[in-house]
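Survey of secondary and tertiary structure
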There are 2 protein chains.
Amino acid sequence: MSTERPHRRPTITDVAARAGVATSTVSRALSRPERVNVHTREHVLAVVEELGYVPNPAARALESGRTRTIALLVPDITNPYFAGVIKGAERAAAAAGLTLVLGDTQESAATEEQLVRRLGRSVDGFVLSATRLPDDDLRRAAEAGPVVLVNRAARGLPCVVADYDSGTRQIVDHLASLAHESFVFAGGPAESWSGHRRWLGLQAAADAAGLEPHRFGPYSPTMSGGPAAADAVLASGTTAVVCHNDMLAIGLMRRLAQRGAMVPRDISVVGFDNIVGADFCTPPLTTLAERSEDAGARAVEALALQVNSRAPHAATQLLPTQLVIRESTGAPRSPASGASEAPGR
Amino acid sequence: MSTERPHRRPTITDVAARAGVATSTVSRALSRPERVNVHTREHVLAVVEELGYVPNPAARALESGRTRTIALLVPDITNPYFAGVIKGAERAAAAAGLTLVLGDTQESAATEEQLVRRLGRSVDGFVLSATRLPDDDLRRAAEAGPVVLVNRAARGLPCVVADYDSGTRQIVDHLASLAHESFVFAGGPAESWSGHRRWLGLQAAADAAGLEPHRFGPYSPTMSGGPAAADAVLASGTTAVVCHNDMLAIGLMRRLAQRGAMVPRDISVVGFDNIVGADFCTPPLTTLAERSEDAGARAVEALALQVNSRAPHAATQLLPTQLVIRESTGAPRSPASGASEAPGR
DNA sequence: TTGAAAGCGCTAACAT
DNA sequence: ATGTTAGCGCTTTCAA
């Protein structure tokens, strides 16, 4: 057993002393290798290696004002959609040499605002995913440092959003081709920008296709929002329901099953997100696939650009969406053969 | 439009000057309020408020050597089990005033090791969840700073683990009570400690209950591992399979369905984790529930303790497990009535 | 090409 | 109770 006292980590001074040079030389050898004699550089690097020296990021941050750390805020980590965003962001951050701090805002604007404030000084920028913050707060945040939005647009801020215009059109066209004449949109949180866009898109597409859209809700965008939505939908007698997201759709389908309604025979169900699980729930869910990992990755890349260049730019990146048709959608029962109104018998 | 130049953030010096006191007084007023005259304190705090002063964490970190940041490393963020761990960890970290950095190791020991090195200087400690690192590496990491393990035990390191002894007994007893006489364990990655423990527990419990256990694998602990496992299981003719985790179990059941095998009629399936999705897959999965959020939270709490007290301690926290019986398990077909061997016909 | 020295913003002795 | 001062580890002028 060696006398392993937890020895102090070597500092740049230690390296300089050991190498017989000034600290500034060590610093240069590390960050601007070309500005130091190749010979001394190699010597310095050898000592660095020998001592296992690693620069202290706090000291660097103090000097430069940048931490090489960015924050990603999501409404709910356990929602598989955001898990995808996180994964993509994590990968892109690692690739850009940035450290990723994660925050769960618990679907709350207040929590989100607090996190932005708390983390503001420790990070170089934010990726705000499905933020619940009003535009004003967003712009204020953007004044303090780079901000990139995911699935939310705000004038002057860069963002990565799914192409909901195309997506909602795909959904409505699908429903129309099945001969549905109207549908219900089971909405999510009122502050949800993507929910708003989805509804706008659905209305426009319905208008174009001659369907009649109705909006219910708001419901919690989780499985627990399902029962309320299902009951309302059942009571309405609609033939199709488009849900704010897959979690809600799955929760809704469970309740539907409990209440004896068959999907899609009695009601067709469509979701948004195409989360893991949408393919193995019962019945497998027809849903609009977004590229969540791509979204996370693109957002971080855009942020990295701003962090590095210090140049704010406000491009909007539109990510394609694609309707994945599974078994939760079908033709509505024709009124004449509807079991519930079968005469006689 | 105001001439909003992005003015320099106020420092402690600005506050001191404005308040007409020394910087140390400001510092004290903020961190040790009781050690400063109530009157001056209030004045200082007012100025702090007025200027919108927020301490620079980098400067604090440089001085104290602590960053009030901890890292959580998980093998795969998109696995709902780890999403739970992350959520719990995030909540506990916020409660303890710690910032949480997240790392996805992509099921790779090399990536994990790299992350530990890269983040080592920027965080006060690590929570390593289902780490793939060998004991030696773990101990080395623990020398550099506090480490808490989730679902992995290593001598001398604090950890939070699920009670697999009880859990595997529950599984085997359930299978035995259904009159299964043997079962297959579809194993996960060879480096997985929890996989190892699960297998050990299953063997012991099987021994006690008089069942015959077989181990197949390793398989990828994801849905994509399912097909290989399903095919092997089918070929073996076993009546029951216990899968390394729910993702694998669900992937396996899909393949089983594709190949025309009925669950549980032809084969009973058991998973580990009780992820979201285990309740709405087809058929709903019998699985051993772990308290993933609790695990994440406990681990962070244990880490916070070490970070604050600087006192290493190595307690093992055992989290209860509970078998959730759903519809993927049932009695094996009695050999006499087996459809596949029905004579004649 | 290299070295000396001045901070970055904050906290913690040490003085008063 | 408050002020003065010396760093924490690093980068960056400015000189040599």
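Just so it is clear, the model here is predicted, and its values are computed rather than measured. (Residues numbered from 1 in each chain as written. Chains lettered and ligands numbered in written order. Predicted model: local features only at pLDDT ≥ 70, side-chain atom pairs only at ≥ 80, totals over all residues. Heavy atoms only, no water.)

A look at the overall build of chain A
- Broken down by element type, chain A carries 12 helices and 12 strands.
- Against the compact-globule benchmark of 20 Å for 345 residues, chain A has a radius of gyration of 27 Å, which places it well outside the compact range.
- Considered along the principal axes of its C-alpha atoms, chain A spans approximately 100 × 50 × 35 Å.
- Looking at chain A residue by residue over its 345 residues, the buried ones come to 50%.
- A separation threshold of at least 6 residues defines the contact pool for chain A, and within that pool the share at least 24 residues apart is 70%.
- With the model as given, the accessible surface of chain A reaches about 15500 Å², and the carbon-plus-sulfur share is 51%.
- Within chain A, one finds 35 positive and 36 negative side-chain charges whose respective centroids are separated by 6 Å. (Helix = DSSP H or I, 4+ residues; strand = E, 2+ residues; numbered from the N terminus. Rg over C-alpha atoms; globule rule 2.2 N^0.38 Å. Buried < 20%, exposed > 50% of the residue type's maximum accessible area, 1.4 Å probe, protein only. Contact = heavy atoms within 4.5 Å. Areas by Shrake-Rupley, 256 points an atom, 1.4 Å probe, with all protein chains shown as cover. Lys, Arg positive; Asp, Glu negative; His and termini not counted. Charge placed at Lys NZ, Arg CZ, Asp CG, Glu CD.)

Let's talk about the protein's contact with DNA strand D
- Taken together, 25 residues form the shell around DNA strand D, and within it A:Ile12, A:Tyr53, A:Arg60, B:Thr25 and B:Asn37 come nearest.
- Backbone atoms, meaning sugar and phosphate, form 62% of the atoms of DNA strand D found within 4 Å of the protein.
- Separating a phosphate oxygen of DNA strand D from a backbone N or O atom of B:Asn37 is a distance of 2.7 Å.
- Measuring from a phosphate oxygen of DNA strand D, one finds a side-chain N or O atom of B:Thr40 at 2.9 Å.
- Counting only elements with at least two residues in the surface near DNA strand D, the list comes to helix H2 (23–31) and helix H4 (57–64) of chain A together with helix H2 (23–31) and helix H4 (57–64) of chain B. (Near = heavy atom within 4 Å. Polar contact = N/O pair within 3.5 Å; in protein donor to acceptor, adjacent residues only side chain to side chain.)

Brief notes about the protein's contact with DNA strand C
- Residues in contact with DNA strand C amount to 24 residues; listed here are only the nearest, A:Thr25, A:Asn37, B:Ile12, B:Tyr53 and B:Arg60.
- Close to the protein, within 4 Å, the atoms of DNA strand C are drawn from sugar and phosphate at a rate of 68%.
- One of the side-chain nitrogen or oxygen atoms of A:Glu63 is found 3.1 Å away from a base nitrogen of DNA strand C.
- Backbone polar atom of B:Ile12 to a phosphate oxygen of DNA strand C: 2.3 Å apart, as the coordinates give it.
- Of all elements in the fold, only H2 and H4 of chain A together with H2 and H4 of chain B reach the threshold of two or more residues within the surface near DNA strand C.
- Its residues assigned to classes, the surface near DNA strand C shows eight nonpolar, nine polar and seven charged. (Nonpolar A, V, L, I, M, F, W, Y, C, P; charged D, E, K, R; others polar.)

Considerations on the interface of chain B and chain A
- At the interface, 41 residues of chain B touch 42 residues of chain A.
- Across the contact surface, chain B and chain A share six salt bridges.
- Note that A:Lys87 and B:Asp76 form a salt bridge whose closest N and O atoms lie 2.7 Å from each other.
- Linking chain B to chain A there are 17 residue pairs in polar contact (both at pLDDT 80 or more). (Salt bridge = Lys/Arg side-chain N within 4 Å of Asp/Glu carboxyl O.)

Concerning the sheet that holds strand E10 (residues 286–289) of chain A
Residues and elements named next belong to chain A.
- Judged by pairing direction, the sheet is mixed, and its six strands sit side by side in the order E7-E6-E8-E9-E10-E12 without closing on themselves. Because the sheet does not close on itself, it has two edges, and the strands there are strand E7 (212–216) and strand E12 (322–324). For this sheet, the mean inter-axis angle between neighbouring strands, taken without regard to orientation, is 25 degrees.
- Relative to strand E9 (residues 268–273), strand E8 (residues 240–243) is paired through three bridges, and the arrangement is parallel. By the bridge assignment for E9, Val242 is matched with Val270.
- Contacting strand E6 (182–186), E8, E9 and E10, helix H11 (residues 246–258) crosses the sheet at an angle of about 155 degrees to E9. (Pairing = 2+ DSSP bridges. Axes fitted to C-alpha atoms, helices over the stretch in contact; angles between N-to-C directions.)

A look at the pairing of strand E3 (residues 125–129) of chain B
Residues and elements named next belong to chain B.
- Where burial is concerned, most of E3 is hidden: five out of the five residues are buried.
- In E3, alternate side chains face the same way, and those of Gly125, Val127 and Ser129 on one face and Phe126 and Leu128 on the other are all buried.
- Bridge count for strand E1 (residues 69–74) against E3 is four bridges, and the pairing is parallel. Looking across to E3, one finds that Leu73 is bridged to Leu128.
- You can see the chain leave E3, run along helix H7 (residues 135–144) and come back into strand E4 (residues 147–150), and the turn it takes is right-handed. (Right-handed = clockwise from strand over helix to strand, strands pointing away.)

A closer look at the pairing of strand E4 (residues 147–150) of chain A
Residue and element names in this part refer to chain A.
- Side chains Val147 and Leu149 of E4 all project onto a buried face; the interleaved residues Val148 and Val150 project onto the opposite face, where all are buried too.
- The pairing of strand E3 (residues 125–129) with E4 spans four bridges and is parallel. Residue pairing for E4: Leu128 is matched across the bridge by Leu149.
- Direction of pairing for E4 relative to strand E5 (residues 159–162): parallel, over a ladder of two bridges. Its bridge partner being in E5, Val150 is matched across the sheet by Val160.

Regarding the relation of the copies chain B and chain A
- Note on the identical chains: chain B maps onto chain A by a rotation of 180 degrees and an axial translation of 0.1 Å, with an RMSD of 0.2 Å. Between the two chains, the operation in question is that of a two-fold axis.
- Both copies present the same face, since 98% of the interface residues in chain B are matched by interface residues at the equivalent positions in chain A. (Least-squares fit on C-alpha atoms with pLDDT ≥ 70 in both.)

Points about the pattern of salt bridges
- Applying the stated criterion to the full structure yields 36 salt bridges over all chains.
- In this structure, the salt-bridge partner of A:Arg152 is A:Asp135, at a minimum N-O distance of 2.7 Å. One end of the pair, A:Arg152, is in the loop between E4 and E5; the other, A:Asp135, is in helix H7 (residues 135–144), with 17 residues separating them in the sequence.
- Residue A:Asp135 is classed as partly exposed on the basis of its relative accessible area of 31%.
- Three or more residues are tied together by salt bridges with common partners; here these are A:Asp76, A:Asp104 and B:Lys87.

So, the domain arrangement of chain A
All names here are of chain A.
- Taken domain by domain, chain A comprises domain 1 (12–64), domain 2 (69–162 + 292–319) and domain 3 (164–290 + 324–337).
- Look at where the C-alpha atoms of domain 2 and domain 3 centre, and you get two points 28 Å apart.
- Facing the 12 residues of domain 2 at the interface are 13 residues of domain 3.
- Taken as a group, Tyr81, Arg132 and Ala162 account for 40% of the area that domain 2 buries against domain 3, more than any other trio of residues on that side.
- Summed over the shared surface of domain 2 and domain 3, the number is zero salt bridges.
- Across the domain 2-domain 3 interface, the total number found is five residue pairs in polar contact (both at pLDDT 80 or more).
- Broken down by secondary-structure element, the contributors of at least two residues to the side of domain 2 that touches domain 3 are helix H5 (80–95) and E5.
- Grouping the constituent residues of the side of domain 2 that touches domain 3 by class yields five nonpolar, four polar and three charged. (Domains from an automatic or database assignment. Buried area = accessible area lost by both parts, 1.4 Å probe.)

What to know about the sheet that holds strand E8 (residues 240–243) of chain B
All names here are of chain B.
- The six strands lie next to each other as E7-E6-E8-E9-E10-E12, forming an open sheet whose pairing is mixed. Pairing within the sheet leaves two strands with one partner each, and these edge strands are strand E7 (212–216) and strand E12 (322–324). The average undirected angle you get between the axes of adjacent strands in this sheet is 25 degrees.

Observations concerning helix H12 (residues 292–309) of chain B
Residues and elements named next belong to chain B.
- Counted at 1.5 Å a residue, the expected span for H12 with its 18 residues is 26 Å, and the 26 Å between its end C-alpha atoms agrees.
- Those residues of H12 that are buried lie in contact with E1, helix H5 (80–95), E3, E4, strand E5 (159–162) and strand E11 (316–319).
- Of the residues one or two after H12, Arg310 is the one with positive phi, at around 65 degrees. (Expected span 1.5 Å × (residues − 1).)

A closer look at the side chain of B:Arg198
- Looking at the secondary structure, you find B:Arg198 in helix H9 (residues 193–209).
- If sequence neighbours within four positions are ignored, B:Arg198 has contacts with B:Tyr164, B:Thr168, B:Phe185, B:His244, B:Asn245, B:Phe272, B:Asp273 and B:Glu290.

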